[in-house]
Amino acid sequence: MSMPPEQRTAPPHMLEKYGREVRRARNDAGYTQAALARRVRSSKTQISNLENGKADPSKKLRAALDEAIGDGRLSRVWDDLTGDGRPEWLDEIAAAIRDADAVYEYQALAFPSYLQTGSYARAVIRHAAPWMSPDELDTRTKERVERAHSMQESLRPMLWLVVDESLLKRRYGGSEASREQLAYVAALAERERLTLQVVPIDHPKHPGNAGAFRVLTMRDGPDMAYVESAEEGRTLTSSTAVARRRMLFAALQGVALDPEASVRAVHEEMMRID
């Protein structure tokens, strides 16, 4: 007996996550559900059910959605949700950063992965994913250190980083690892590989409360932005969404210390470490 075309093959929570990504991509592209349905030869009801996690999309529909609004992203999300491998969005972000002319990033919890030392990276990864096996932890740490070394030696992309002052006070890996990490970032800033700015922890008008993000100016192709959490990353490619993240980054720069004062703040925090 053949399987009905819309019978569920993926667990409900996976369909819900995929549906949210479809909704985000549709909104970023400026389509209504009806307009998208016409574009992919479907129905408004099916698109609505899909976005609400109530329908398991056929391979043909997934391909059509990806072509219309996903730009490859939706296929990677589906593969990540239904597979057992490394989250695709992590590789996607790493590849995009390598191909960028400039990266503008805001962080409040940890330094970006491409700026982490070995001990700091290992502590961040281990405590964020305590279920990870020792072998996988070693592999992820090695990958992150290699990426940081490559970024250190390269002239591109140009790097602008704004961090919340509270990030400097976090002691991932203990005192020695934290001191080494701060020294590493300060050295990159002092030789102008990185432009660093620190938002004072007591500033009354902090524009960074929506979380970490980065804006990428690409060599080939449109500029893009990423917003992310520990579990998922979201790519923003619409001109409006990218422009809004640029505005937010400019607002963060406006309330942050200047680069010279920011490097002094890093050195002062290093002296406070026991």
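Residues numbered from 1 in each chain as written. Predicted model: local features only at pLDDT ≥ 70, side-chain atom pairs only at ≥ 80, totals over all residues. Heavy atoms only, no water.

What about the overall build of the chain?
Part 1: Each helix and strand in the chain was counted, giving 12 helices and 6 strands.
Part 2: By the burial criterion, 45% of the 274 residues in the chain qualify as buried.
Part 3: Summarising the internal contacts of the chain: among those between residues at least 6 apart in sequence, 73% fall at separations of at least 24. (Helix = DSSP H or I, 4+ residues; strand = E, 2+ residues; numbered from the N terminus. Buried < 20%, exposed > 50% of the residue type's maximum accessible area, 1.4 Å probe, protein only. Contact = heavy atoms within 4.5 Å.)

Brief notes about the pairing of strand E1 (residues 100–107)
Part 1: Burial within E1 is extensive, with 6 of its 8 residues counted as buried.
Part 2: Two strands pair when backbone bridges link them, and E1 and strand E4 (residues 213–218) are joined in this way by 6 bridges, in the antiparallel orientation. Along E4, the bridge assignment pairs Tyr104 with Val215.
Part 3: Judged from the 6 bridges that link them, E1 and strand E2 (residues 158–164) form a sheet pairing that is parallel. Within E2, the residue paired with Tyr106 across the bridge is Val162. (Pairing = 2+ DSSP bridges.)

Focus: the packing of helix H1 (residues 12–29) against helix H4 (residues 59–70)
Helix-helix packing is described using two parameters, namely the angle between the two axes and the distance between the axes.
Part 1: At a minimum axis distance of 10 Å, the contact between H1 and H4 shows a crossing angle of 30°. Relative to H4, H1 is oriented so that their crossing is left-handed. Side by side, H1 and H4 meet where Tyr18, Val22, Ala25, Arg26 and Ala29 of the first sit next to Arg62, Leu65 and Ile69 of the second.
Part 2: Among the residues forming the contact of H1 with H4, the class breakdown is 6 nonpolar, no polar and 2 charged. (Axes fitted to C-alpha atoms, helices over the stretch in contact; angles between N-to-C directions. Left-handed = near helix turned anticlockwise from the far one by under 90°. Nonpolar A, V, L, I, M, F, W, Y, C, P; charged D, E, K, R; others polar.)

Considering unusual backbone geometry
Part 1: The step from Arg156 to Pro157 runs through a cis peptide bond, and the omega angle for that step is 0°.
Part 2: Looking at the element boundaries, Pro157 is found in the loop between helix H8 (134–153) and E2.
Part 3: In this structure, Glu192 is a non-glycine residue whose phi angle is positive, near 65°.
Part 4: Among the structural elements, Glu192 can be located in the loop between helix H10 (175–190) and strand E3 (194–199).

Looking at the nonpolar core
Part 1: Counting 36 residues, the largest nonpolar core has Phe111, Val163, Leu168, Leu194, Leu196 and Leu216 as the members making the most contacts within it.
Part 2: If one sorts the elements of this core by residue count, H10 sits on top with 6 residues.
Part 3: Residues in contact with Val163, not counting those within four places in the same chain, are Tyr106, Gln107, Phe111, Leu168, Leu196, Gln197, Val198 and Val199.
Part 4: Within the second largest apolar cluster, 16 residues are counted, among which are Leu15, Tyr18, Leu50 and Leu74. (Core = buried A, V, L, I, M, F, W, Y, C linked by side-chain atoms within 4.5 Å.)

Comments concerning the pattern of salt bridges
Opposite charge on two side chains permits pairing when their charged atoms draw close.
Part 1: Applying the stated criterion to the full structure yields 13 salt bridges.
Part 2: Among the ionic pairs, Glu21 bridges to Arg24, the shortest N-O distance being 3.0 Å. Here Glu21 pairs with Arg24, and both are found in helix H1, just 3 residues apart, close to one helical turn.
Part 3: Of the residues examined, Glu21 reaches a relative accessible area of 7% and is grouped as buried.
Part 4: Taking the relative accessible area as the measure of exposure, Arg24 reaches 24% and is therefore partly exposed.
Part 5: Across the salt bridge formed by Arg179 and Glu176, the nearest N and O atoms sit 2.8 Å from each other. With a gap of 3 residues between them, Arg179 and Glu176 both fall in helix H10, about one helical turn apart.
Part 6: Residue Arg179 is classed as partly exposed on the basis of its relative accessible area of 23%.
Part 7: Residue class for Glu176 comes out exposed when judged on its relative accessible area of 56%.
Part 8: Counted as one network, the salt bridges with shared partners bring together Lys169, Arg171, Glu269 and Arg272. (Salt bridge = Lys/Arg side-chain N within 4 Å of Asp/Glu carboxyl O.)

A closer look at the packing of aromatic side chains
Part 1: Evaluated as defined, the whole model comprises 6 aromatic pairs.
Part 2: On the basis of an interplanar angle of 15° and a centroid distance of 5.0 Å, the ring pair of Tyr104 and Trp160 is categorised as stacked. Residue Tyr104 is found in strand E1, and its partner Trp160 is found in strand E2; the two are separated by 56 residues along the sequence.
Part 3: Accessibility expressed as a relative area gives 22% for Trp160, which makes it partly exposed.
Part 4: Note on Phe111 and Tyr120: the rings are 6.1 Å apart at their centroids and 55° apart in plane angle, and the pair reads as tilted. (Phe/Tyr/Trp six-rings, centres within 6.5 Å; stacked < 30°, edge-to-face > 60°.)

Some points on the confidence of the model for the chain
Part 1: Model confidence for the chain is summarised by a mean pLDDT of 87, while 89% of its residues fall at 70 or above.
Part 2: Every residue in residues 1–8 is under pLDDT 50, and counting partners more than four places away or in other chains gives 12 contacts. (pLDDT = per-residue confidence, 0-100.)

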